Amino acid sequence: MLTVLKTLHSDVCSVDIIDLFDKDPNRAEGFSVRFGDLLFDYSKTRITPEVRGALTALCEKRDVAAKREAMFQGGRINETEQRAVLHTALRDPDGPELLVDGGDIRAPLRKTVERMEALAGRVRSGEMQGPGGAFTDVVNIGIGGSDLGPVMATLALAPYHDGPRCHFVSNVDGAHIHDILQRIDPKTTLVIVASKTFTTIETMTNAATARRWIEAGGGDPAQQFLALSTSEEETAAFGIPRKHVFGFEDWVGGRYSVWGPIGLSVMLAVGPENFRAFLAGGKSMDDHFRSAPWQQNMPVMLALTGIWHNQVCGYPTRAVLPYDQRLRRLPAYLQQLEMESNGKSVAMDGSPLPYPTGPVVWGEPGTNGQHAFYQLLHQGTSVIPAEFLVAAKGHEPELAHHHKLLVANCLAQSEALMRGRSLEEACVLMRAKGYEGAELERQARHRVFPGNRPSTTLIYPQLTPHVLGQIIALYEHRVFVEGVILGINSFDQWGVELGKELANTLAPLVAGEKSAEGKDGSTRALLDFVREAGN
């Protein structure tokens, strides 16, 4: 599959990226994609017209178009679980009829959104209250996709918050829920428990703790708990009335679920109108993804750039660098989206794959990262493709000078990664500082930047609900395209199961209720230490 690209890589691996701009004065325009008000620039890479042609040919060879339509039309593209993949339908509840298993899913989707909006309206207006009055705080308890999407989106849309304060609990470490509950009032707190099966051990452990806290503080769990779950039996057993339960179907994967009931905390924070704008942004990216030719298709070119860097160039990680403080949880969100989706080692038919699959995804917001790990990006021995995101303007006009400096830093970093600094240039700098001879060269070598470090940049006008929806959908479709090209199932996650199963068997051993006989020597020794240190 990658033979032609590997040959092209050998041809361009010694090319200086900046020389590509000298050869093609219009390179920046030719190697970028515009969609609406968004600009995706991938010109600061070694992708040439020949490389791009070979990359887009992969889309034809792997039949991306047909698989894309199968996803949007409800085909069971999650083959190992025999499920459709229709998170895209969540952001288009008013769309035309869409049949799954013989039934139209649009009407139930519309009903669910309307129920969410009605509840959000009652909470935000103060009509729905706790024993202490109007709800001042919301605690969302979930893990994985039931946490990462809502917390990321809620932080991102802070300028639009006009509802109750939202807090998020995910870790089973008691410190997480303790540190949140101690600073809010149990009589004016609404608790959302997000778990599809309502049996996820971390979530239900935290939910039980929250219920005891509500009861001890004079609250009413039946009045103050909501469930985002498909299990009416489990939610009823927990004591949550049916009118407070919002279900979702098995064709919505956890890491793709922020668009539906899992996003209820987002709707409570920013209101139904802004949540609808968020959905509309996602749908606009869906429409673009379905209609634009490969070279002008933003998700496709983002995906192909990733394939080029990881599978062809051999760069095993990618850094996501939002120059937007409110997107500080985007790298963590994309870690799950990409690594849980494409962190696979077998093809659809179960055969071992002969090439690497998903890269390691990591990052932090700028400019903080510049004072942490950018040293390695610029002068380390590993090449790490950088993916920058930045808004053209911020939400605080009185602080516009801050934002201009932020944008300048973002653009400077991508230029510096590409341009670098030669030994000759470094020598000129050191000579100006008074160094001579061997010491001049020694000092200069420490100031050499190799350059030729690839990066992409996504620029958007301002981080609005609509733009956030576009960004998330952009990355979702990137994952899909990469998965199709790699021949894997991006929509299951069996890799999370084994550790969960073993944790269930280890819990009574940690508590000293059962013998550790049969466990390996390391696990037994660790158990012994925990028991001794915990007494």
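Here the structure is a predicted model, which is why all the values come from computation and not from measurement.

**Student:** Outline the overall build of the protein chain, supporting the account with residue identities and numerical values.
**Tutor:** Of the regular secondary structure elements, the protein chain holds 23 helices and 15 strands. The C-alpha radius of gyration of the protein chain comes to 25 Å, within 12% of the 24 Å expected for a compact globule of 535 residues. Each of the three principal axes of the protein chain carries a C-alpha extent, and together these read 75 × 60 × 60 Å. Across the 535 residues in the protein chain, those meeting the buried criterion constitute 52%.

**Student:** Summarise the pattern of salt bridges; cite the residues concerned and give the values.
**Tutor:** Using the criterion set out here, one finds 26 salt bridges in the structure. The closest approach of N and O atoms between arginine 76 and aspartate 101, which form a salt bridge, is 2.4 Å. Of this pair, arginine 76 sits in the loop between helix H5 (64-72) and helix H6 (87-90) while aspartate 101 sits in the loop between strand E3 (99-100) and strand E4 (103-104), placing them 25 residues apart in sequence. Under the relative-accessibility criterion, aspartate 101 is labelled exposed at 66%. Between arginine 478 and glutamate 338 there is a salt bridge; the shortest N-O distance is 3.7 Å. A residue pair is termed long-range when its members are at least 10 positions apart, and arginine 478 in helix H21 (residues 465-486) and glutamate 338 in helix H16 (residues 330-342) qualify at 140 residues. Neither arginine 478 nor glutamate 338 differs from the other in exposure class; each is buried. Linked through salt bridges whose partners overlap, the residues forming this network are Arg318, Glu338, Glu387, Arg478 and Glu482.

**Student:** Describe the sheet that holds strand E8 (residues 165-169), listing the residues and the values that go with them.
**Tutor:** Strand order in the open sheet formed by five strands is E8-E7-E9-E10-E11, with parallel pairing between adjacent strands. The open sheet has two free edges, formed respectively by E8 and strand E11 (245-246), since each of these has just one partner strand. For strand E7 (residues 137-141) and E8, the ladder comprises five bridges, and the chain directions are parallel. Residue pairing across strands places aspartate 137 opposite arginine 165, the latter belonging to E8. Each of E7, E8 and strand E9 (189-194) touches helix H8 (residues 145-156); the most contacted strand, E8, lies at about 150 degrees to it.

**Student:** Explain empty space enclosed by the protein to me, and be specific about the residues and the numbers.
**Tutor:** Per the stated rule, a full pass over the model turns up two cavities of 30 Å³ or more. Space inside the largest cavity adds up to approximately 50 Å³. Here the lining of the largest cavity is built from residues that sort into five nonpolar, three polar and one charged. Quantified by volume, the second largest cavity comes out at close to 30 Å³. Taken together, Phe40, Leu302, Glu387, Phe388, Thr456, Thr457, Leu458 and Tyr475 form the lining of the second largest cavity. Every element with two or more residues in the lining of the second largest cavity is listed here: strand E14 (386-391) and strand E15 (455-460). The greatest single-element share of the lining of the second largest cavity, amounting to three residues, is contributed by E15. Split by residue class, the lining of the second largest cavity holds five nonpolar, two polar and one charged.

**Student:** Residue-level account of the pairing of E15, with values.
**Tutor:** Where burial is concerned, most of E15 is hidden: five out of the six residues are buried. In this structure, strand E2 (residues 38-41) lies alongside E15, joined through three bridges in antiparallel fashion. Note on E15: the bridge partner recorded for aspartate 41 is threonine 457.

**Student:** Go over the pairing of strand E1 (residues 32-35), please, and point to the residues and values.
**Tutor:** With four bridges joining them, E1 and E2 adopt antiparallel strand pairing. When the sheet's bridge partners are listed, phenylalanine 35 is paired in E2 with leucine 38. Two successive antiparallel strands, E1 and E2, enclose a turn made up of two residues, where glycine 36 displays a positive phi of approximately 60 degrees.

**Student:** Got a sec to walk through helix H20 (residues 437-445)? Specific residues and values, please.
**Tutor:** Buried within H20 are the following residues: Leu440, Gln443 and Ala444. Along the long axis of H20, the arc covered by the buried residues comes to 100 degrees, so they all point the same way. On its buried face, H20 sits against helix H19 (423-432).

**Student:** Let's hear about unusual backbone geometry: which residues, and what values?
**Tutor:** A cis amide bond links glycine 366 to the next residue, threonine 367, at an omega of 15 degrees. Mapped onto the elements, threonine 367 comes out in the loop between strand E13 (360-362) and helix H17 (374-379). Although it is not a glycine, aspartate 63 adopts a positive phi angle of roughly 60 degrees. Topologically, aspartate 63 is positioned in the loop between helix H4 (49-61) and H5. Of note in the backbone geometry, aspartate 101 takes a positive phi value of approximately 55 degrees without being a glycine.

**Student:** Tell me about the layout of surface pockets, and please be specific about residues and values.
**Tutor:** Estimated volume of the largest pocket: approximately 1,000 Å³. The set of elements that each furnish at least two residues to the lining of the largest pocket consists of H8, helix H10 (201-216), H16 and helix H22 (497-510). With five residues, the single largest contributor to the lining of the largest pocket is H22. In this structure, the second largest pocket spans a volume of roughly 590 Å³.

**Student:** Account for helix H18 (residues 400-419), with residues named and values stated.
**Tutor:** Across its 20 residues, H18 extends 28 Å between first and last C-alpha, which sits within 8% of the 28 Å expected from 1.5 Å per residue. Every buried residue of H18 is accounted for by His403, Leu406, Cys410, Gln413, Ser414, Leu417 and Met418. Along the long axis of H18, the arc covered by the buried residues comes to 135 degrees, so they all point the same way. The exposed set on the far side of H18, more than 90 degrees from its buried face, consists of His401, Lys404 and Leu405. Buried residues belonging to H18 abut helix H2 (17-23), strand E12 (317-323), H17, E14 and E15. Within two residues after H18, glycine 420 carries a phi angle of roughly 65 degrees, on the positive side.

**Student:** Hey, could you go over the packing of H4 against helix H15 (residues 298-312) for me, with residue numbers and the actual values?
**Tutor:** The description of two packed helices rests on the angle between their axes and on the distance between the axes. Taken N-terminus to C-terminus, the directions of H4 and H15 make an angle of 110 degrees; their axes are 10 Å apart at the nearest point. Considering the angle they form, H4 stands roughly perpendicular to H15. Contacts from Val51, Arg52, Leu55, Thr56, Leu58 and Cys59 of H4 reach H15 at Val300, Met301, Leu304, Ile307 and Trp308.

Reading the values: the criteria
Residues numbered from 1 in each chain as written. Predicted model: local features only at pLDDT ≥ 70, side-chain atom pairs only at ≥ 80, totals over all residues. Heavy atoms only, no water. Helix = DSSP H or I, 4+ residues; strand = E, 2+ residues; numbered from the N terminus. Rg over C-alpha atoms; globule rule 2.2 N^0.38 Å. Buried < 20%, exposed > 50% of the residue type's maximum accessible area, 1.4 Å probe, protein only. Salt bridge = Lys/Arg side-chain N within 4 Å of Asp/Glu carboxyl O. Pairing = 2+ DSSP bridges. Contact = heavy atoms within 4.5 Å. Axes fitted to C-alpha atoms, helices over the stretch in contact; angles between N-to-C directions. 1 Å grid on protein atoms, 1.4 Å probe; cavity = no way out; pocket = protein on both sides within 12 Å on 5 of 7 lines; lining within 4 Å. Points joined across faces, edges and corners; volume = space filled by probe spheres on them. Nonpolar A, V, L, I, M, F, W, Y, C, P; charged D, E, K, R; others polar. Arc of directions from axis to C-beta. Expected span 1.5 Å × (residues − 1). Parallel < 35°, antiparallel > 145°, perpendicular 65-115°, else oblique.

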